[in-house]
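# A look at the structure
Chain residues, written in single-letter form:
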Amino acid sequence: MTNAVLFVTHAGNQPVKIETHYIGEQDRKIPLSDIADVIRDFFPAVSAAELGRYNLHLPAGVARSASGLSDKCFLTKDENDTALDPGCKLCDLVPSTLGVNSKPLIIEARN
């Protein structure tokens, strides 16, 4: 997979840019490969146990049915649930769901 840029937000804060591969001097030793990697990269100082409390969702206003993603990329079969499965590979995401064009992916704590 080539470098992809994701924008992710949490708790209504400013979106943060996350790259799957750093380019140039800051190459990642291990590129991000799935949703769990994105969540871990967003919260670098949080323990693995606490990271399990968070889900990554489609951008606000992007319906699951319009996302272009297969059902295997979602955490549940519920059409209204936009939470992405932590094991979903980043290469399975289509550009419209990558948090571009001011539509960041959203990290939310599980209820």
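Scope of this entry: the structure provided in the associated data block. (Residues numbered from 1 in each chain as written. Predicted model: local features only at pLDDT ≥ 70, side-chain atom pairs only at ≥ 80, totals over all residues. Heavy atoms only, no water.)

Moving on, we get to the packing of aromatic side chains. Applying the stated criterion to the full structure yields two aromatic pairs. On the numbers, 5.0 Å between centres and 85° between planes, the contact of F42 with F43 is edge-to-face. Accessibility assignment for this pair places F42 and F43 in one class, buried. Through pairs of rings, three or more aromatic residues link up here, namely F42, F43 and Y54. The ring of F74 carries the charged tip of R64 above its face, separated from the ring centre by 4.1 Å. (Phe/Tyr/Trp six-rings, centres within 6.5 Å; stacked < 30°, edge-to-face > 60°. Buried < 20%, exposed > 50% of the residue type's maximum accessible area, 1.4 Å probe, protein only. Lys NZ or Arg CZ within 6 Å of the ring centre and 35° of its normal.)

Moving on, we get to helix α1 (residues 35-42). When we look at burial in α1, the residues that qualify are I35, D37, V38, I39 and F42. Where α1 is buried, its residues contact β1 (5-10), β2 (16-19), α2 (48-51), β3 (54-57), β4 (83-84) and β5 (105-109). The opening residue of α1 is D34, an N-cap whose side-chain oxygen sits 3.3 Å from the backbone nitrogen of A36. (Helix = DSSP H or I, 4+ residues; strand = E, 2+ residues; numbered from the N terminus. Contact = heavy atoms within 4.5 Å. Polar contact = N/O pair within 3.5 Å; in protein donor to acceptor, adjacent residues only side chain to side chain.)

This part covers unusual backbone geometry. The phi angle at A11 is positive, at roughly 55°, despite the residue not being glycine. Note on placement: A11 falls in the loop between β1 and β2. Residue A11 is classed as exposed on the basis of its relative accessible area of 63%.

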